[in-house]
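The primary structure of each chain is shown beneath.
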Amino acid sequence: MKTALGMSALAFCLSACAPLSIYYREGESVSRMQTETTQCQVKALKDAPVATQIRQSPPIYYPPRTYCHGPGQCYTRPGWWEPGRVYSVDANAGLRKRVEAQCMAQKGFRPVSLPPCRQNVKSQVTAQRTTRLPALAGNSCFVKFDDGSFQIITPTQAG
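Here the structure is a predicted model, which means the values were calculated and not measured.

Parameters and conventions
- Position numbers for residues count from 1 along each chain, tracking the sequence in the order it is written.
- Under the rules for a predicted model, residues below a pLDDT of 70 receive no local features and side-chain atom pairs below 80 are neither given nor counted, while totals for whole chains, interfaces and linings still include all residues.
- Remark: hydrogens and water are excluded; side-chain values derive from all non-hydrogen atoms of the structure.
- Any Lys or Arg side-chain nitrogen located within 4 Å of an Asp or Glu carboxyl oxygen qualifies as a salt bridge.
- Joining through side-chain atoms within 4.5 Å is the link that ties buried Ala, Val, Leu, Ile, Met, Phe, Trp, Tyr and Cys residues into a set, and such a set is a nonpolar core.
- Each residue gets one of three labels from its accessible area relative to the maximum for its type: buried under 20%, exposed over 50%, partly exposed in between, using a 1.4 Å probe on protein chains only.
- The secondary structure listing takes helices from DSSP runs of H or I that are at least 4 residues long and strands from runs of E that are at least 2 residues long, numbered from the N terminus.
- Contacts between residues were defined by any pair of non-hydrogen atoms, one from each residue, lying within 4.5 Å.
- Expected helix span is taken as 1.5 Å per residue step, with the number of steps being one fewer than the number of residues.
- Within this analysis, the arc is defined by the directions that extend from the helix axis to the C-beta atoms.

Visitor: I would appreciate a short explanation of the pattern of salt bridges in the present structure.
Guide: Once the charged atoms of two side chains with opposite charge are near each other, the side chains can pair. What the rule picks out here adds up to seven salt bridges. We note a salt bridge from Arg-25 to Glu-28, for which the minimum N-O separation is 2.2 Å. A single network of salt bridges, built from pairs that share partners, joins Arg-32, Glu-36 and Lys-107.

Visitor: It is not clear to me how the nonpolar core should be interpreted in this structure. Could you clarify?
Guide: Side chains of nonpolar character tend, in soluble globular proteins, to be buried together. Residues Leu-20, Ile-22, Met-33, Leu-133, Phe-150 and Ile-152 are the most contacted members of the largest nonpolar core, which totals 16 residues. Those elements that place two or more of their residues in this core are β1 (20-24), α2 (30-47), α3 (93-106), β8 (110-114) and β10 (150-153). Beyond its immediate stretch of four places on either side in the chain, Ile-152 contacts Ile-22, Leu-114, Thr-130, Leu-133, Pro-134, Leu-136, Cys-141 and Phe-142. Residues Cys-117, Cys-141, Val-143 and Ile-153 belong to the second largest nonpolar core, which totals five residues.

Visitor: What should I look at first to understand α2 in this one?
Guide: Structurally, the α-helix is built with 3.6 residues per turn, so residues lying three or four positions apart point the same way. Helix length check: α2 (18 residues) gives 25 Å between terminal C-alpha atoms against 26 Å at 1.5 Å per residue, within 8%. Three or more residues of α2 are buried, namely Val-30, Met-33, Glu-36, Thr-37, Cys-40 and Ala-44. Considered in projection along α2, the buried side chains sweep an arc of 125 degrees and stay on one side of the axis. In this structure, the buried side of α2 is in contact with β1, α3 and β10.

Visitor: Help me out: how do you make sense of the side chain of Glu-100 in this one?
Guide: Following the sequence through the fold, Glu-100 ends up in helix α3. Leave out the neighbours within four places in its chain, and Glu-100 touches Tyr-23, Thr-37, Cys-40, Gln-41 and Ala-44.

Dropping the structure here:
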């Protein structure tokens, strides 16, 4: 029970603490940015389709060990091999991401990553989903809503 609660708290923190990574063009509508992103993702998937490869990490050999519990009371545990872990990778994942980024760059967008806003920043503004991408500053941050939408906030510098 304690572990499940801890895992839930960790998952919440990771989702709440993760940066917002989007393609950005100042003044563009969020819906247009999302449409362009989807179109470029589809293009990238066509140009660099999923290429799943099955791989295996190398096996590990554990050599024999001798244990003694007193004079004449020794035994040797034999060595053994542990097989490598089998896993899959998408060999085209990196290429697909580059194709997507190039497509978005051709449309005038650049990738940005914004940190989540601190509570004291969130409490100073009215919660309102961003519909048009605002000008960004070094202290810009975001608030994510339950429906997946977000609000980009640039705190004002108080003198």
